[in-house]
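What follows is the residue order along each chain.
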Amino acid sequence: MSSTNSAVTELYCAKCNHKYNIDEIHTLCTCGGPLMVDYDYKKAAGLITPQLLKTRPSTMWKYKEILPVKDDEHIVTLGEGGTPLLESKSLGKKLELDNLYFKDETVNPTGSFKARGLGMAVSRARELGIKKLIIPTAGNAGSAVAAYSARAGIKCMIIMPKDVPAPFLVDGAYHGAEIELVEGSIKDCGAKAAEKVKSEGWFAVATLKEPYRIEGKKTMGYELAEHFDYDLPEVIIYPTGGGTGLIGMWKAFDEMEKMGWIGSKRPKMVSVQAEGCAPIPKAFDEGKDAADEWPDPHTVAAGLRVPGAVGDFLMLDSIRKSGGTAVAVSDDELMADTRELAAAEGIFASPEGGASVSALRKLISNGLVQRSDRIVVFITGGGYKYLDVLQEYMP
Ligand SMILES: *Cc1c(COP(=O)(O)O)cnc(C)c1O
Ligand SMILES: [Zn+2]
């Protein structure tokens, strides 16, 4: 065995702190809470340093000592992570911001940051001997799990709504995934997947229902720290569905503090959702610790159409602790800003990226950001798989 020198120790429940063995297959805690991965941070700090990381190739696996895969042989990679942080050339000036950046996740394999989470989940599934993965999805997560499963030699099944855009059917099929279309929304897909887990023995990699997707997404937090020389930016704007990125980055900041790489200062975490599906902004405004399920969710930004999330309480907690906020934007606003990103910055984004920019406008008009703040706007996916939608909103 060629060890990754991972400092991983065990799993713990984010709700009740119950511990689980890392070498066993687990889903949710018996209390229903999501499971998180714990490490020996002293050991990790002895194995890697910011200086050492600078010398490694820039993929998410450069952080492998603080990632959960134990044996190099099980790393399933297509080169995910290490994405550019682009300085704004035009929008920043227009908005009178001096330090606006875009974290360009569109260049990941399969066209979105889902590659990080599912690259990690599939790698750990391989390590744990899991042979068949199933996922209920409205798009990008299906593409990613299909691609990584193909590379890992693991069987894959994707459950999608009947009205899913064609590209997601096509790439899934090319990767050899079994695809099942369901009448209804992502929720109905989830129910169908749960049925198949019971009757056919599939393992579900739905958001936060297994512990490892978040470990892939947290690498975005490590990359930002590295880019800003371990002095974290003032504001992070993140388009939120299940919230793995938000929760993952928050965990990464905690881990870096435990390793002595950063202090206790945190960026303001800003969650963005669409007005047609905004459970997190609603719960935030109402001062609640958890979100109510959103009835009849709709938005063109498919990645944000998540009416209820397992990690809602974690998102709300990190947003509040960071002094951040949660913002809802309309489809017209987010599509206008998807055009703006392409025309003003050369970034051809999926609608979720536009939503981040629309949220930034709201923060400015509410006086929640300063001109000098270093602001990072997440562009989570590329536009090419959304041509149908983008065409409807052509300039
Ligand atoms: C899935 C997805 C999101 C939401 O990500 P979460 O981590 O689930 O909150 C945002 N943008 C795009 C393009 C997505 O595919
Ligand atoms: Zn628990």
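In what follows, the structure referred to is the one given above.
Residues numbered from 1 in each chain as written. Chains lettered and ligands numbered in written order. Predicted model: local features only at pLDDT ≥ 70, side-chain atom pairs only at ≥ 80, totals over all residues. Heavy atoms only, no water.

With that settled, consider a nonpolar patch on the surface. Together, Phe348, Tyr384 and Leu387 give the surface a local cluster of nonpolar side chains, amounting to about 330 Å² of exposed area. By the element assignment, Tyr384 lies in the loop between strand 13 (374-379) and helix 15 (387-392). Residue classification places Tyr384 among the exposed residues on the basis of a relative accessible area of 65%. (Patch = residues over 30% accessible without salt bridge, like charges linked within 9 Å, V, L, I, M, F, W, Y side chains within 5 Å. Areas by Shrake-Rupley, 256 points an atom, 1.4 Å probe, with all protein chains shown as cover. Salt bridge = Lys/Arg side-chain N within 4 Å of Asp/Glu carboxyl O. Helix = DSSP H or I, 4+ residues; strand = E, 2+ residues; numbered from the N terminus. Buried < 20%, exposed > 50% of the residue type's maximum accessible area, 1.4 Å probe, protein only.)

For the structure shown, the criterion picks out zero disulfides. Free cysteine Cys156: the closest other cysteine sulfur is in Cys189, separated by 14 Å. (Disulfide = S-S within 2.5 Å.)

Between its terminal C-alpha atoms helix 4 (residues 114-127) stretches 20 Å, which fits the 20 Å expected from 14 residues at 1.5 Å a residue. Taking burial as the measure, the 14 residues of helix 4 include 13 buried ones, the bulk of the element. (Expected span 1.5 Å × (residues − 1).)

Bringing the coordination of the zinc ion (ligand 2) into the picture now. Protein-derived ligands of the zinc ion (ligand 2) are Cys13 (SG), Cys16 (SG), Cys29 (SG) and Cys31 (SG), with the metal-ligand distances lying across 2.3 Å. Classification of the site at the zinc ion (ligand 2) as tetrahedral follows from its four donor atoms and the range of 104 to 117° in their angles at the metal. Site description for the zinc ion (ligand 2): donor spacing in sequence, C-x2-C-x12-C-x1-C. One end of the pair, Cys13, is in strand 1 (residues 8-13); the other, Cys29, is in the loop between strand 2 (19-21) and strand 3 (35-39), and 16 residues separate them in sequence. (Donors = N, O, S within 2.8 Å, 3.2 Å for Na, K, Ca; no water. Tetrahedral: all angles 85-135°; square planar, octahedral: opposite > 155°, others 65-115°.)

It is worth spelling out the sheet that holds strand 6 (residues 132-136) at this point. Reading across the sheet, the four strands line up as 8-7-6-9 and stay open at both edges, with parallel pairing between neighbours. The open sheet terminates on both sides in strands that have one partner only, identified here as strand 8 (178-182) and strand 9 (203-204). Two elements, strand 6 and strand 9, share two bridges in a ladder whose sense is parallel. Looking at the pairing, Leu133 lines up with Phe203 of strand 9. (Pairing = 2+ DSSP bridges.)

The next point concerns the sheet that holds strand 1. Working definition: the strands of a sheet are paired by backbone hydrogen bonds and lie parallel or antiparallel to each other. With antiparallel pairing, three strands are arranged side by side in an open sheet as 2-1-3. Of all the strands in the sheet, just strand 2 and strand 3 have a single pairing partner and so form its edges. Here the strands of the sheet are splayed against their neighbours by 40° on average, with no regard to which way each runs. Where strand 1 meets strand 3, five bridges bridge the pair, whose relative direction is antiparallel. Opposite Tyr12, over in strand 3, you have Met36 as the bridge partner. (Axes fitted to C-alpha atoms, helices over the stretch in contact; angles between N-to-C directions.)

To continue, consider the environment of Gly323. Position of Gly323 among the secondary structure elements: in the loop between helix 12 (312-321) and strand 12 (325-329). The class of Gly323 is partly exposed, set by a relative accessible area of 45%. Along the chain, Gly323 and Ser264 lie 59 residues apart, while their C-alpha atoms are 13 Å from each other.

Time to look at the site of ligand 1. The environment of ligand 1 is formed by 17 residues, the closest being Lys114, Tyr238, Gly243, Thr244 and Thr380. Within the side chain of Tyr238, one N or O atom sits 2.6 Å away from an oxygen atom of ligand 1. Contacts to ligand 1 include Gly241, whose backbone N or O atom sits 2.7 Å from an oxygen atom. Protein coverage of the free-state accessible area of ligand 1, which is 380 Å², stands at 96%. Each residue belonging to the shell around ligand 1 can be placed in one class, and the counts come to three nonpolar, eleven polar and three charged. (Near = heavy atom within 4 Å. Polar contact = N/O pair within 3.5 Å; in protein donor to acceptor, adjacent residues only side chain to side chain. Nonpolar A, V, L, I, M, F, W, Y, C, P; charged D, E, K, R; others polar.)

Quick look at the packing of aromatic side chains now. For the coordinates displayed, the defined rule picks out nine aromatic pairs. For the pair Tyr222 and Trp261, a centre-to-centre distance of 6.2 Å together with 85° between the ring planes defines the contact as edge-to-face. Highlighted residues: Tyr222 in helix 9 (residues 219-227) and Trp261 in the loop between helix 10 (244-258) and strand 11 (268-274), separated in sequence by 39 residues. With relative accessibility at 11%, the residue Trp261 sits in the buried group. In textbook terms, an aromatic cluster arises when at least three aromatic residues are bridged by ring pairs, as seen for Tyr63, Tyr222, Tyr230 and Trp261. Just above the ring of Trp202 sits the side chain of Lys132; from NZ or CZ to the centre is 4.7 Å. Above the ring of Phe113, the side-chain terminus of Lys217 is found at 3.7 Å from the ring centroid. (Phe/Tyr/Trp six-rings, centres within 6.5 Å; stacked < 30°, edge-to-face > 60°. Lys NZ or Arg CZ within 6 Å of the ring centre and 35° of its normal.)

In the contact formed by helix 4 and helix 5 (residues 140-152), the axes pass within 9 Å of each other and the chain directions differ by 40°. Taken together, the axes of helix 4 and helix 5 lie oblique to each other. Of the two elements, helix 4 crosses helix 5, and the hand of that crossing is right-handed. Residues Lys114, Ala115, Leu118, Gly119, Val122 and Arg126 of helix 4 touch helix 5, and the partners they reach there are Asn140, Ala141, Ala144, Val145, Tyr148, Ser149 and Ala152. For the contact of helix 4 with helix 5, the per-class residue count stands at eight nonpolar, three polar and two charged. (Parallel < 35°, antiparallel > 145°, perpendicular 65-115°, else oblique. Left-handed = near helix turned anticlockwise from the far one by under 90°. Contact = heavy atoms within 4.5 Å.)

Mapped onto the elements of the fold, Asp373 is located in the loop between helix 14 (351-365) and strand 13. The side chain of Asp373 sits in the buried core without any salt bridge; Lys268 is the nearest counter-charge, 5.1 Å away. (Lys, Arg positive; Asp, Glu negative; His and termini not counted.)

Under the counting rule described, the total for this entry stands at 35 salt bridges. Between Asp72 and Lys64 there is a salt bridge whose closest N-O contact spans 3.3 Å. The exposure class of Lys64 is partly exposed, given its relative accessible area of 22%. The residue Glu223 makes a salt bridge to Arg116 at a minimum N-O spacing of 2.8 Å. Taken together, the residues Glu223 in helix 9 and Arg116 in helix 4 connect sequence positions 107 residues apart. You'll find Glu223 and Arg116 in the same group, each marked buried. When salt bridges with common partners are traced through the structure, they connect Glu180, Lys192, Glu195, Lys196 and Glu200 into a single cluster.

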